[in-house]
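Single-letter residue listing:
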Amino acid sequence: PLFVGEGPAQGSLTVVSATSSAFSSSDARHLTALSMQAGIAINNAELHSRLSQQQQLLGAVLRDINDGLVVIDARSQVVLTNPLGGVLLDEEIDSQPLQRQLLALAQRMRSERKPTLMTDLQIKRPDEETQFYEAFASLVRYGEGEEPLVAIVLHDITAQKAEEKSRSEFISMVAHELRNPLNSLNGFVKVVLRGQAG
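Fair warning: this is a prediction, and the values are worked out from it, not measured in the lab.

About the thresholds
Residues numbered from 1 in each chain as written. Predicted model: local features only at pLDDT ≥ 70, side-chain atom pairs only at ≥ 80, totals over all residues. Heavy atoms only, no water. Helix = DSSP H or I, 4+ residues; strand = E, 2+ residues; numbered from the N terminus. Buried < 20%, exposed > 50% of the residue type's maximum accessible area, 1.4 Å probe, protein only. Contact = heavy atoms within 4.5 Å. Areas by Shrake-Rupley, 256 points an atom, 1.4 Å probe, with all protein chains shown as cover. Lys, Arg positive; Asp, Glu negative; His and termini not counted. Charge placed at Lys NZ, Arg CZ, Asp CG, Glu CD. Polar contact = N/O pair within 3.5 Å; in protein donor to acceptor, adjacent residues only side chain to side chain.

### Concerning the overall build of the protein
- Counting its secondary structure elements, the protein contains four helices and five strands.
- Mapped in sequence order, the helices and strands of the protein form the string α-β-β-α-α-β-β-β-α.
- Projected onto its principal axes, the C-alpha positions of the protein cover 135 × 40 × 35 Å.
- Burial status across the protein gives 21% buried among its 198 residues.
- Nonlocal contacts in the protein, meaning residues at least 24 apart in sequence, comprise 40% of its contacts between residues at least 6 apart.
- Of the roughly 14,400 Å² of accessible surface on the protein, 55% is carried by carbon and sulfur atoms.
- For the protein, the centre of its 18 positive side-chain charges and the centre of its 24 negative side-chain charges are spaced 9 Å apart.

Below is the structure:
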């Protein structure tokens, strides 16, 4: 019988000869050993196929998500990035402000023993407008006795911040423009209410 992993037999290894009594008990032992090795090989091939599919799925998710991902280990080393996370870190040339902020965030999570943390980060690059990111950090435990990793997802909120700034400036301008006529109107109403205008 062919045993592939745990559970019942998944088939059998059959050897046929045209002559009777062609196989000895020694041959039977060899065939039994061969069937055991074949079952192990088939099981390993299935596991390898499943692992390969999972790796392809994980690679596709990391490649195609619209946010940056940076994973930092206990020694403050960047151990994994998705393509967008790598681009964000590679864009930093001299002072590396984003990487410093990410390392500080990872250190803060470890020192405060928080499983998750969310914060806003901003990067001022020379000759460019400030970029804003929402950072979602999580501790990732991957091995017994190993220090957890910190996975940080970076979502670009620069457009939202610009919209909030425009809205705030508009409200401030409208309030300023309304305040002058309202002050005049308020003064005239007080004069009328006091009867000073006849």
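### Thoughts on the side chain of Arg110
- The topology assignment puts Arg110 in helix H3 (residues 97-112).
- Side-chain polar atoms of Arg110 contact the backbone oxygen of Ile72, separated by 3.5 Å.
- Aside from chain neighbours lying at most four places away, what touches Arg110 is Ile72, Asp73, Ala74, Glu147, Pro148, Leu149 and Val150.

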